[in-house]
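Chain by chain, the residues:
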Amino acid sequence: MKKYLQKALALGFTEAKYLADLSLVCKAELRAYCQPEHCLLYGQNWVCPPACGTLAECAGKVREFDRGILLQSVSIVEAPATAERYRLINREHNFRLKQLIEFIKADHVKILPLTSGGCVFCEQCSYPEACIKPELKMESLSAYGIDVGELCETAGLTYSFREDRLYFMALLLIKESR
């Protein structure tokens, strides 16, 4: 696990924390924000509802894993950050995550990648047509109802909403082959 954490930091993540004995709860009150009246991404891509599945289906996927790596990218920005700057930083975060996933998968480890900010690997999502890059798809922490603030607190990481700082998070759920 140590080599994965070291690789994450070498790729440019601000923080990388191993979480053993992980028992995640997919919360309906957080998933409730994934509705058309609250989120512009609802029904627009494969990693957000309804395409990502019901909360119960998401919880079933999460239950297969009992450990993970929590990754954080912190960027200092000129306040307020423009939407374009936000998208660029999110894209950088998720491309680092893609590189880490490829590194870990070389060890034949099963991974469920969950990230903030949505999938970024296609200019435009093919939804509702079949996903054209399913091997790159990264699920949404929010869509899974995972409390990112609580997760960060558990890992001893700072997480807040500030005008001058952007926090992007990812969680790689891991199940090692036996």
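Residues numbered from 1 in each chain as written. Predicted model: local features only at pLDDT ≥ 70, side-chain atom pairs only at ≥ 80, totals over all residues. Heavy atoms only, no water.

Caption draft 1: Local environment of the overall build of the protein chain. When you go through the protein chain residue by residue, the secondary structure sums to five helices and five strands. Helices (α) and strands (β) of the protein chain occur, in sequence order from the N terminus, as α-β-α-α-β-α-β-β-α-β. The C-alpha atoms of the protein chain give 16 Å as radius of gyration, which agrees with the globular expectation for 178 residues (16 Å, within 12%). Taken along its principal axes, the extent of the C-alpha atoms in the protein chain is 40 × 40 × 30 Å. By the burial criterion, 43% of the 178 residues in the protein chain qualify as buried. Considering only intrachain contacts with a sequence separation of at least 6, the fraction spanning at least 24 residues in the protein chain is 80%. About 9900 Å² of surface is accessible on the protein chain, with carbon and sulfur atoms providing 51% of the total. (Helix = DSSP H or I, 4+ residues; strand = E, 2+ residues; numbered from the N terminus. Rg over C-alpha atoms; globule rule 2.2 N^0.38 Å. Buried < 20%, exposed > 50% of the residue type's maximum accessible area, 1.4 Å probe, protein only. Contact = heavy atoms within 4.5 Å. Areas by Shrake-Rupley, 256 points an atom, 1.4 Å probe, with all protein chains shown as cover.)

Caption draft 2: Geometry of the confidence of the model for the protein chain. Residues with a pLDDT of 70 or more make up 98% of the protein chain, whose mean pLDDT is 91. Across the protein chain, element-level confidence peaks in helix H1 (residues 2-11) with a mean pLDDT of 98 and bottoms out in strand E4 (residues 139-140) with 91. (pLDDT = per-residue confidence, 0-100.)

Caption draft 3: Representation of the environment of Arg165 in the model. Along the chain, Arg165 falls in strand E5 (residues 165-176). Between the C-alpha atom of Arg165 and that of Val74, which follows or precedes it by 91 residues, the distance is 6.8 Å. Those residues in contact with Arg165 that lie beyond four places of it in its chain are Val74, Ser75, Ile76 and Val77.

Caption draft 4: Looking closely at the packing of aromatic side chains. Scanning the model with the defined rule gives six aromatic pairs in all. One aromatic cluster is present, formed by Tyr159, Phe161 and Tyr167 through successive ring pairs. Directly above the aromatic system of Phe13 lies the positively charged group of Arg96, at a separation of 5.3 Å from the ring centroid. (Phe/Tyr/Trp six-rings, centres within 6.5 Å; stacked < 30°, edge-to-face > 60°. Lys NZ or Arg CZ within 6 Å of the ring centre and 35° of its normal.)

Caption draft 5: Expanded view of the nonpolar core. Leu24, Leu70, Leu114, Leu151, Leu171 and Leu173 are the most contacted members of the largest nonpolar core, which has 26 residues in total. Contributions of two or more residues to this core are made by helix H3 (55-62), strand E3 (109-115), helix H5 (148-155) and E5. Ignoring anything within four residues of it in the chain, the contact list for Leu151 reads Leu19, Leu22, Leu24, Leu70, Ile146 and Leu171. One finds Phe13, Leu71, Ala170 and Leu172 within the second-largest nonpolar core, a separate group that totals 21 residues. (Core = buried A, V, L, I, M, F, W, Y, C linked by side-chain atoms within 4.5 Å.)

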